[in-house]
Amino acid sequence: MFPRTRPARPRSRFSTARRGAALVEYAILIGLIGVVALASVGDLGRRVANLFGEVSTEIALGETGPLEIFSSDLPRGDIDQPYGYDFRQNLAGSAEDVTWSLTGGALPDGLALGSDGIITGAPTTSETQTFEVTAERAGQTASQSFSIKVGPARFKAVQVAMGGGHGCGITPEGALYCWGANGHGAVGQGHDDYHYTRPVPVIGMDSGVTDVTAGWNHSCAIKDTAVWCWGNDSDGQVGDGDAATTEGQPVQVIASGATDVEAASHSTCAIVGPQVYCWGRDYNGTLGNGGSDVDMTSPTPIASGPVGIKRLAGGTFGFCALDEDSAAWCWGSGGSGANGDDDRYANRSPGRVSPLPGETAMVGNGLVRGAAHSCMLTDQGPSCWGYNSDGQLGDGTTSHQDAPVLAVNFGNPTQMAASYSTTCFIGTSGGAQCVGDDGRQELGNGSSDSYRSLVASDVVGIRGTPVGIVAGRNNFCTLMQDQSVMCWGDGSNYALANGAGSYLFYSAGYVLAPVN
């Protein structure tokens, strides 16, 4: 602060004695002013200046102010799950010596409000309750209304896979749960007697699970770098050395070293070190070993070609992969251009996908494969190839493409997924969108008309931010930022585990948590 200056004052003509008496009176006056000032400050605090106005001091004595409760949206409650909320964070000023009470409406069953302003308990029923809370301190009161919505608990996952009529998810703790159609034991419960409406823990998969995949009626997972499979084994897709009708619980297929596992409809492939191994049905070269449609009941290396495969994508009758340079390769059925190599013949060993115009190789990431079409993200944008009768390639046409074309209707997606004849993706602005067939409500656009769409439409019902997307045979699921899972499309045999039955769903709904 710059020093203040004052004009010179004239000299006093008082005598020395009178001047001394005046100074005493002046000092007494200053003292009285100080006492009065401090007494008037109380606990509110005041700015007190000295007589000459040169120095000011802020006296902070614990300001509390009037009571005021701010309104806010309260967290959703899950049935039979602990709930907590502290209303003190909604209070303006200090929360010291404040007593809280419920003065209107009612809390959801199972919850209680303490005098300290904290809601505790576990809600017991699905309901929405609106209520009023009141804060009181030294005769002062303030009230505010709030609402809490309670519903079924939601399944939490870090990875999800969808199959022909069932789904599986890895929990944040590394345990594996599956749900839906279990007619061939794909849910991993040791039998094939009935379907499961909610996720159930897979036998022996209670920790250490890092990857999961689902075929039409079988499942596989990586646990502690070992590959385990279960479910329908009629074509050897479980990979345990025989072709039994059903394996109701996981059996070990590869002992160690696996980093990725992917399923086609009746086949499976895994990356183990520098090699890719496949097993199961070899329809039109699905196993990629150069053979002549001979099913394999145990892991068999694919034929030479790509070096350092780091990512697999399984479709209905074939696979695609990214090599160490992120170049795309495909093998299996090539009908309608599914392998993207400028023809429609089957590849019985891996073949390079043709590049986009102006490129020397089809390089990118986010590779996915559906029934007879594939897509990936490239520097030029999203690109797709193969079957296109329903516009699933996103190029605005219904013409099949033997080589990659830019999916101009996708915008700039961050992730994609391909089902039988539909493609869905996550856009840069959040949410999910889909194009293609809607015969089983795969578009999730809120309409039951079941018309195909060549233009991307928003999935209805998505709440929050999706961070991942996967496809089943005729359905899709998004993994949300809060680790919940939302699904739409074909819910036959409870494939979507949403508690609403075995139907088609044209908007997204949550996968519900396991029943305790």
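Each chain carries its own residue numbering, running from 1 in the written order of its sequence. Thresholds applied to this predicted model are a pLDDT of at least 70 for local features of residues and 80 or more for the giving and counting of side-chain atom pairs; totals over whole chains, interfaces and linings are not thresholded and use all residues. Just so you know, side-chain values use all the structure's heavy atoms and leave hydrogens and water out.

(A) Fine view of the overall build of the chain. Only DSSP runs of H or I with at least four residues qualify as helices, and only runs of E with at least two residues qualify as strands; both kinds are numbered from the N terminus onward. The number of helices and strands found in the chain is one helix and 37 strands. Only protein chains enter the area calculation, which uses a 1.4 Å probe; residues under 20% of their type maximum are buried, those over 50% are exposed, and those in between are partly exposed. When burial is assessed residue by residue, the chain has 49% of its 516 residues classed as buried. Throughout, a contact is declared for two residues whenever any of their heavy atoms are within 4.5 Å. Sequence-distant contacts in the chain: of pairs separated by 6 or more residues, those separated by 24 or more amount to 50%. With residues, only the protein chains shown are counted as cover, and all accessible areas are computed by Shrake-Rupley using a 1.4 Å probe. For the chain, the accessible surface area stands at approximately 23,100 Å², while carbon and sulfur atoms represent 50% of it.

(B) Seen up close, the sheet that holds strand E37 (residues 504-510). Two strands pair if DSSP finds at least two bridges between them. With antiparallel pairing, the four strands of this open sheet are ordered in space as E34-E35-E36-E37. The sheet terminates laterally at strand E34 (466-471) and E37, the two strands that pair on one side only. Sheet twist, expressed as the mean angle between neighbouring strand axes with direction ignored, is 15°. Pairing of strand E36 (residues 485-490) with E37 involves four bridges; the strand directions are antiparallel. The residue of E37 that forms the bridge with Met-486 is Tyr-510. In this description, a line fitted to the C-alpha atoms serves as the axis of each element, helices being fitted only across the stretch in contact, and the angle between N-to-C directions of two axes falls anywhere from 0 to 180 degrees.

(C) Up close: the packing of aromatic side chains. Ring pairs are drawn from Phe, Tyr and Trp, using the six-membered ring of Trp, whenever the two centres fall within 6.5 Å, and their geometry is named by plane angle: stacked under 30 degrees, edge-to-face over 60, tilted for the rest. Counted under the stated rule, the structure contains eleven aromatic pairs. Between Tyr-194 and Tyr-196 the ring centres are 5.2 Å apart and the planes differ by 40°, which places this aromatic pair in the tilted class. For Tyr-194, a relative accessible area of 46% puts it in the partly exposed group. Above the plane of the ring of Trp-216 lies Arg-473, whose end atom (NZ or CZ) is 3.8 Å from the centre. For a Lys NZ or an Arg CZ to count as sitting over a ring, it must be within 6 Å of the ring centre and within 35 degrees of the ring normal.

(D) A look at the confidence of the model for the chain. In the predicted model, the chain carries a mean pLDDT of 88, and the fraction of residues at 70 or more is 88%. How sure the predictor is of each residue is captured by pLDDT, a score from 0 to 100. Of the regions scoring below 50 in pLDDT, residues 1-63 engages in 32 contacts with residues more than four places distant in sequence or in other chains.

(E) Fine view of the state of the cysteines. Pairs of cysteine sulfur atoms within 2.5 Å are identified as disulfides in what follows. If you walk through the whole model with that rule in mind, you get seven disulfides. A sulfur-sulfur separation of 1.9 Å characterises the disulfide bridge that pairs Cys-269 with Cys-278. Sign of the S-S torsion, about 105° for the bond between Cys-269 and Cys-278, identifies this disulfide as right-handed. As far as the burial class goes, Cys-269 and Cys-278 line up, both buried. In this model Cys-375 forms its disulfide with Cys-384; the gap between the sulfur atoms is 2.1 Å. Taking the sign of the S-S torsion, 110° for the link of Cys-375 and Cys-384, the bridge is right-handed. Each member of the pair, Cys-375 as well as Cys-384, carries the same accessibility label: buried.

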